[in-house]
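Reading the structure
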Amino acid sequence: MKSNCCFSLPPLLALGSTVKYSGYLENWNKLFCSNGNSKYPRLMKLGKDITLLGLEIGLLSMTKGEVALFVLTPEYAYGQRGCPPSIPPDTMVLFKVEVLDFIDSEECDAFFELSSEQRDRLPLEKVLKVAATEREFGNYFFYKQCFKIAKDRYKRALSILGRSSSSKAEQSQINASKLLLFLNLSLTYLKLERADQALKYGELALEMDQGNAKALFRCGQACLYMREYSKSRDFLARAQRIQPFNRDINNELKKLA
């Protein structure tokens, strides 16, 4: 949607959106841009990838799953110059937009602009929120099967949680966030066929929660991939004792047998 010949406006909000869009001219029957053929539309950021003021304003008014039509006058679209050769000067355009997903990254962007000293002074609540948003980005890319990007976002979230706290209650909150990331990284490394790293993060999760069935299962999967059958059986059997009717665990034990 972004074009070198079209004017750019400052972002209204640091929001990453996954949208399907089609732009039309001339009585709304001439298509000039679309990503409708893309099976997995990419995450686009307002003010960076989406730079039409009218679309920015329109997207901020929408909710996930909503479909809308926006008629944009030239001052909210391509201006007096247009965008030759596709868009004539002073042209109204119609956009059909569907919001598939969105993630607000404003606080994350602001966090990483701070110095380490400034980050350490932030309230834990804000730090945990930033880490959760980074994990959400990781989940987004994981489900799009962009596993390398997902891995990087999970590790970035971990880097946010590097601080320690003298308060047991605060440290417990930090560890709970870390546990989720260790589990996500373990699974992501399995998808990347890096069983050694999958085992590493699974064991880090177990250091925080020895009875975590998911962590035991991930470790068992990693050991099975590395043909360390005895270790795999031990991890999977421990997981099965915790969740005896878990189909995935039982199927992995059958595979091991």
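Quick note: structure is the one above.
Nothing here was measured: the structure is a model prediction, and the numbers come from that model.

**Details of the packing of helix H8 (residues 213–225) against helix H9 (residues 229–242)**
Relative to each other, H8 and H9 sit at 155°, their axes nearing to 8 Å. Viewed along their axes, H8 and H9 adopt a mutual orientation that is roughly antiparallel. For H8 against H9, the interelement crossing comes out left-handed. Of H9, the residues touching H8 (which contributes Ala213, Leu216, Phe217, Cys219, Gly220, Cys223 and Leu224) are Tyr229, Lys231, Ser232, Phe235, Leu236, Arg238, Ala239 and Ile242. When grouped by side-chain class, the residues that make up the contact of H8 with H9 number 11 nonpolar, 2 polar and 2 charged.

**As for the environment of Tyr201**
Here Tyr201 shows up in helix H7 (residues 195–208). Judged by its relative accessible area of 7%, Tyr201 is buried. Residues Tyr201 and Leu183 lie 18 residues apart in sequence; the distance between their C-alpha atoms is 6.8 Å. Excluding residues within four positions of it along the chain, Tyr201 makes contact with Lys155, Leu158, Phe182, Leu185, Ser186 and Tyr189.

**As for the pattern of salt bridges**
If you walk through the whole model with that rule in mind, you get 7 salt bridges. The salt bridge partner of Asp196 is Arg194, with a shortest N-O separation of 3.6 Å. Under the relative-accessibility criterion, Asp196 is labelled partly exposed at 40%. Among the salt bridges present, the one from Lys255 reaches Glu252, with a minimum N-O distance of 3.5 Å. Remark: Glu252 and Lys255 occur in helix H10 (residues 247–256); sequence separation between them is 3 residues, near one turn of the helix. On the accessibility criterion, Lys255 (57% relative accessible area) is exposed. Its relative accessible area of 9% is what places Glu252 among the buried residues.

**Focus on the packing of H7 against H8**
The angle between the axes and the distance between the axes are what describe a pair of packed helices. Two numbers describe how H7 lies on H8: the axes approach to 8 Å, and their chain directions differ by 155°. When the axes of H7 and H8 are compared, the pair comes out roughly antiparallel. In the packing of H7 onto H8, the handedness of the crossing is left-handed. Contact residues: Ala195, Ala198, Leu199, Gly202, Glu203, Ala205 and Leu206 in H7; Ala215, Leu216, Cys219, Ala222, Cys223 and Tyr225 in H8. Here the contact of H7 with H8 is built from residues that sort into 11 nonpolar, 1 polar and 1 charged.

**With respect to the environment of Ile249**
Along the chain, the position of Ile249 falls in helix H10. Once the C-alpha coordinates of Ile249 and Gln221 are considered, the two residues, 28 residues apart in sequence, prove to be 9.3 Å apart. When neighbours within four sequence positions are excluded, Ile249 is seen to be in contact with Phe217, Leu236, Ala239, Gln240 and Gln243.

**With respect to a nonpolar patch on the surface**
A cluster of nonpolar side chains, Trp28, Val71 and Met92, forms an exposed patch at the surface whose accessible area comes to about 280 Å². Relative to the assigned elements, Val71 resides in strand E4 (residues 67–72). By relative accessible area, which is 47% here, Val71 ends up partly exposed.

**Regarding the packing of aromatic side chains**
This model, assessed by the stated rule, comprises 8 aromatic pairs. Pairing Phe32 with Tyr78 gives two aromatic rings, centres 6.0 Å apart and planes at 80°, and the pair type is edge-to-face. Taken together, the residues Phe32 in strand E2 (residues 30–34) and Tyr78 in the loop between E4 and strand E5 (93–104) connect sequence positions 46 residues apart. As far as the burial class goes, Phe32 and Tyr78 line up, both buried. Their ring planes at 35° and their centres at 6.2 Å tell us that Phe182 and Tyr201 sit as a pair that is tilted.

**Description of unusual backbone geometry**
A cis amide bond links Pro84 to the next residue, Pro85, at an omega of 0°. You can see Pro85 is positioned in the loop between E4 and E5. In the Ramachandran plot, Trp28 falls in the positive-phi region, its phi being about 65° despite a non-glycine side chain. Checked against the element boundaries, Trp28 lands in the loop between strand E1 (15–25) and E2. Of note in the backbone geometry, Glu193 takes a positive phi value of approximately 60° without being a glycine. Turning to its location among the elements, Glu193 is positioned in the loop between helix H6 (168–191) and H7.

Cut-off values and rules
- Residues numbered from 1 in each chain as written.
- Predicted model: local features only at pLDDT ≥ 70, side-chain atom pairs only at ≥ 80, totals over all residues.
- Heavy atoms only, no water.
- Axes fitted to C-alpha atoms, helices over the stretch in contact; angles between N-to-C directions.
- Helix = DSSP H or I, 4+ residues; strand = E, 2+ residues; numbered from the N terminus.
- Parallel < 35°, antiparallel > 145°, perpendicular 65-115°, else oblique.
- Left-handed = near helix turned anticlockwise from the far one by under 90°.
- Contact = heavy atoms within 4.5 Å.
- Nonpolar A, V, L, I, M, F, W, Y, C, P; charged D, E, K, R; others polar.
- Buried < 20%, exposed > 50% of the residue type's maximum accessible area, 1.4 Å probe, protein only.
- Salt bridge = Lys/Arg side-chain N within 4 Å of Asp/Glu carboxyl O.
- Patch = residues over 30% accessible without salt bridge, like charges linked within 9 Å, V, L, I, M, F, W, Y side chains within 5 Å.
- Areas by Shrake-Rupley, 256 points an atom, 1.4 Å probe, with all protein chains shown as cover.
- Phe/Tyr/Trp six-rings, centres within 6.5 Å; stacked < 30°, edge-to-face > 60°.

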